[in-house]
Each structure stands twice: as C-alpha cells, then as structure tokens.
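Here are the chains, one letter per residue:
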Amino acid sequence: MEIIKAEDYLDMSRKAANIISAQIIMKPDCVLGLATGSTPIGIYDQLVEWYEKGDLDFSKVTTINLDEYRGLSRDNDQSYYYFMKEKLFQRVNIEKDRIYLPKGMEKDSKKACEDYDTIIENAGGIDLQLLGLGHNGHIGFNEPSDKFEMKTHCVDLTESTILANQRFFDSIEEVPKQAYTMGIDTIMNAKRIVIVVSGKEKAEILKEAFFGPVTPKIQASILQLHRNVTIVADEAALSEIKQ
C-alpha cells in the first residue's frame, strides 16, 4: 500500500489524475474503473484539461463505472450516467460503445447484475480502478454488512448514505433507496486501485479502513489485502494517521 500525501483537494486531484493519465499513455486501450461523487470531479476536470491540450487520447479507452442507482433513467440528471457524461464523457473523445454502467432501469435485478459481470469479464477485467471512500467505509455502494458481496449486486442503501446523497435531490423522498454496484471480488481483481480521500470528515474512517481490522463492517478495509493500492489523500484526510 502506497500513501501519496497532497496539500489540498486540488493537489489531490492532480496527483490522482497523473496516475490515471500515465495508465492511459502506457496502455491506450486500457480499461478504467470509474467512480462518481464529489471527490473525483477535480480528477475528471484535470484529465479533460490535459486532453484539450493534446496530451491524452481516450479513443481506445474502455470505462466501467462502479455503480448506478436502480430506477433512474440515463437522462435523469441525478443518474450516474448523466453525471459521468457531464463531468467526463462528453468532454473527451471516448467512444460511446466503450462506456459501461449498470442499467438502472432494468427491473430484473438478477439480469442487470449478471449482464454487468459479463461486460466486465468480456473487457478483460479492470486495469485501474478509481475509488472514493464513503463516510461509513463503503466503496461503490458496498455498504457495511456481515459479509463481502463478491459480484455485482443490488443493494439497499443505508440511511447514512441516503442522507449523504440528499443534497443532490429536492427532497429525501426522491433519493433512490437501491443501487446496482460492482462487487468486492471484481474491485479486488483490478490490477491497480487508486482511492482518493479529501477532508477532515473522512480522517477517522480512512484510519479505520486502512489501519484497523479487515471487516465487512468497513468494506474498504478489504483493500488492505490488495497487491497494488495507492491512497491519494489531502492533509486533512490524513490527519488521524501517524507518520
């Protein structure tokens, strides 16, 4: 496990974007596992900036996102497909048929999950997986549980996650209560994992996840067992970790 310390959110975003851009340059047809939420936005902005300068080419890149809300269509402005389109996809030269997210409108959850696992398998797995860290230690929508779910699955979102996402909706009633999410086994099979963490409010969970016991109660703790994990975090997020 490698820890890269950043001064602040902007510096964290640049450092993480450097790692992703190096992956694209070294393997132009790489498979990137991508994340949504507020933390990766700065990373995507930086990647777009380098693309606009001619430093990056996304034309052969395949992207596989971690998750999608169940019941939201792709044109819903709170869907993760819409988020990714706004923040990255429509701003670079990525091919539409190389973009993958779970199908949120698929009512048959078993089919939705099995189809997504097949997509990941057919892509040859993930070269680099970008992750954020939830306040309760979730990665993707793998919420605290009594076990680690291995494959893509439909998850009931916890109250804390629903409350955290409320700020994106007009009311808490509109926040989806379920999501399709990539499983822990799929994440752990990524060749490299980069997890980005920012802010004092994430300091305690970052410490627990990476310097505490491996437990499904803190899903991110499983990353301690991965062979190639890089944590990119700002000073505030690292404030609970001793030198």
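In what follows, the structure referred to is the one given above.
The shown structure was predicted, so the numbers you read here are calculated from the model rather than taken from an experiment.

About the cut-offs
- Residues numbered from 1 in each chain as written.
- Predicted model: local features only at pLDDT ≥ 70, side-chain atom pairs only at ≥ 80, totals over all residues.
- Heavy atoms only, no water.
- Helix = DSSP H or I, 4+ residues; strand = E, 2+ residues; numbered from the N terminus.
- Rg over C-alpha atoms; globule rule 2.2 N^0.38 Å.
- Buried < 20%, exposed > 50% of the residue type's maximum accessible area, 1.4 Å probe, protein only.
- Contact = heavy atoms within 4.5 Å.
- Areas by Shrake-Rupley, 256 points an atom, 1.4 Å probe, with all protein chains shown as cover.
- Lys, Arg positive; Asp, Glu negative; His and termini not counted.
- Charge placed at Lys NZ, Arg CZ, Asp CG, Glu CD.
- Salt bridge = Lys/Arg side-chain N within 4 Å of Asp/Glu carboxyl O.
- Patch = residues over 30% accessible without salt bridge, like charges linked within 9 Å, V, L, I, M, F, W, Y side chains within 5 Å.
- Pairing = 2+ DSSP bridges.

**Here we look at the overall build of the chain**
Item 1. If you tally the helices and strands in the chain, you get seven helices and 10 strands.
Item 2. In terms of C-alpha radius of gyration, the chain reaches 17 Å, essentially the compact-globule figure of 18 Å for 243 residues.
Item 3. Judged by the C-alpha coordinates and their principal axes, the chain covers about 45 × 45 × 35 Å.
Item 4. Evaluated residue by residue, the chain yields a buried proportion of 51% over its 243 residues.
Item 5. Contacts in the chain between residues at least 24 apart in sequence constitute 79% of all its contacts with a sequence separation of at least 6.
Item 6. Total accessible area on the chain is roughly 11400 Å²; 48% of this is exposed by carbon and sulfur atoms.
Item 7. Between the averaged position of the 29 positive side-chain charges in the chain and that of its 39 negative side-chain charges there is a distance of 3 Å.

**Quick notes on the pattern of salt bridges**
Item 1. If you walk through the whole model with that rule in mind, you get 11 salt bridges.
Item 2. Among the salt bridges present, the one from Lys217 reaches Asp146, with a minimum N-O distance of 2.7 Å. Taken as a pair, Lys217 in the loop between helix H7 (203–211) and strand E10 (229–234) and Asp146 in the loop between strand E6 (128–132) and strand E7 (153–156) lie far apart in primary sequence, 71 residues in all.
Item 3. Of the residues examined, Asp146 reaches a relative accessible area of 66% and is grouped as exposed.

**Details of the environment of Tyr51**
Item 1. Mapping Tyr51 onto the fold places it in helix H2 (residues 41–52).
Item 2. In sequence terms Tyr51 and Arg91 are 40 residues apart; their C-alpha atoms lie 8.8 Å from each other.
Item 3. The residues touching Tyr51, leaving out its near neighbours within four places in the chain, are Leu56, Phe58, Arg91, Val92 and Asn93.

**With respect to a nonpolar patch on the surface**
Item 1. Residues Met1, Ile3 and Phe211 make up a contiguous nonpolar surface patch of about 300 Å² in total accessible area.
Item 2. Within the element layout of this structure, Met1 appears in the segment before strand E1 (2–6).

**A closer look at a negative patch on the surface**
Item 1. There is a patch of like negative charges on the surface, built from Asp77, Glu86, Asp170, Glu173 and Glu174.
Item 2. Tracing the backbone shows Asp77 in the loop between strand E4 (67–69) and helix H3 (80–87).
Item 3. The class of Asp77 is partly exposed, set by a relative accessible area of 49%.

**What about the sheet that holds strand E5 (residues 99–100)?**
Item 1. The strand order across the open sheet built from seven strands is E1-E10-E9-E6-E2-E3-E5, with neighbouring strands paired in parallel fashion. Each edge of the open sheet is held by one strand with a lone partner, namely E1 and E5.
Item 2. Relative to E6, strand E2 (residues 31–34) runs parallel, the two sharing two bridges. Residue pairing for E6: Gly33 is matched across the bridge by Gln129.

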